[in-house]
Structure formats: structure tokens, C-alpha cells
Amino acid sequence: MRALHHPDLASIELATLLAALSDPVRLSVVRQLASSGGVVCGKFDALSEVSMSTLSHHLKVLREAGILRVTPSGSFRRHELRAAEVDARFPGVLPAVTANLVPA
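Summary of the structure given here. Everything numeric in this text was worked out from a predicted model, so none of it was measured.

## A short note on the side chain of His58
Then, number 1: One can find His58 in helix H3 (residues 52-64).
Then, number 2: The buried category is assigned to His58, whose relative accessible area is 8%.
Then, number 3: Every residue in contact with His58, bar those within four places of it in the chain, is listed here: Asp23, Val25 and Arg26.

This is the structure:
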């Protein structure tokens, strides 16, 4: 399994972060990650709304915006919010977003 690039949050602009959070499917992913602490790729609730290839695109957008980290977990990949890192770079943004997300 090839390693994925995770950007240094110092290089991420606020507009990039907010753009990544502007899609309902990506917000659903963030909500699930915030409530669970981490999800293996095939277990996302969003798979009831979109195909796996579409979900993969949304996960890539979130990863490239610095919002999530992907780590190998056996033959799967585990996705986790980079909550502390994002909060250090953009204080209060991610907690404000996740506090206002409606549970599925």
C-alpha cells in the first residue's frame, strides 16, 4: 500500500480548508470522523449516498486540505481527523463546524 501525502498545515490557507468543508458529503464524513475517532474506508455512512469512487474523491479533497490523516490498518486505510493540528492552525474552526453538524 503506497503512502499518501499529508500536507503541512502551515501551507494550507483558510479558503482551502473552508472549500473542502463546503460539500454535504464531506461534512457527513467529518461528522462521522468527529463522533467515532476514526473510520476504515469501507465503513463510511456516506457510502449509502455515493459510490466508493466518489467517496474516495471526497476523502482525497479532505486529506489534501489537511483535515484528515490516512494511516494503513492491515489491508485497509484508517481515516482520522487532524483535529488538534487544524485547531492549532485555525483555532475554533473545526470545533465550530463539528458542533453544528446534525447526526445522521
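## Brief notes about the pattern of salt bridges
Then, number 1: Here the structure, examined in full by the defined rule, presents 5 salt bridges.
Then, number 2: One salt bridge in this structure joins Glu64 and Lys60, with 4.0 Å as the shortest N-O distance. Of this pair, Glu64 and Lys60 both sit in helix H3, 4 residues apart, which is roughly one turn of that helix.
Then, number 3: For Glu64, a relative accessible area of 41% gives the class partly exposed.
Then, number 4: Accessibility expressed as a relative area gives 41% for Lys60, which makes it partly exposed.
Then, number 5: Shared partners join several salt bridges into a network, and the residues in it are Arg69, Arg82 and Glu85.

Reading guide: rules and limits
- Residue indices follow the written sequence of each chain, beginning from 1 at its first position.
- Whole-chain, interface and lining totals are the exception, using all residues; otherwise, since this is a predicted model, local features are given only for residues with pLDDT of at least 70 and side-chain atom pairs are given and counted only at 80 or more.
- Hydrogens are left out, water is left out, and the side-chain values use all remaining heavy atoms of the structure.
- Labels follow the DSSP assignment, with helices taken as runs of H or I lasting at least four residues and strands as runs of E lasting at least two, numbered in each case from the N terminus.
- Throughout, exposure labels follow a simple rule: accessible area from a 1.4 Å probe, protein chains only, divided by the maximum for the residue type, with under 20% read as buried, over 50% as exposed, and the rest as partly exposed.
- Any two residues having at least one pair of non-hydrogen atoms within 4.5 Å are treated as being in contact.
- The working definition used for a salt bridge is a side-chain nitrogen of Lys or Arg within 4 Å of a carboxyl oxygen of Asp or Glu.

Keep in mind these numbers describe shape, not what the thing actually does.
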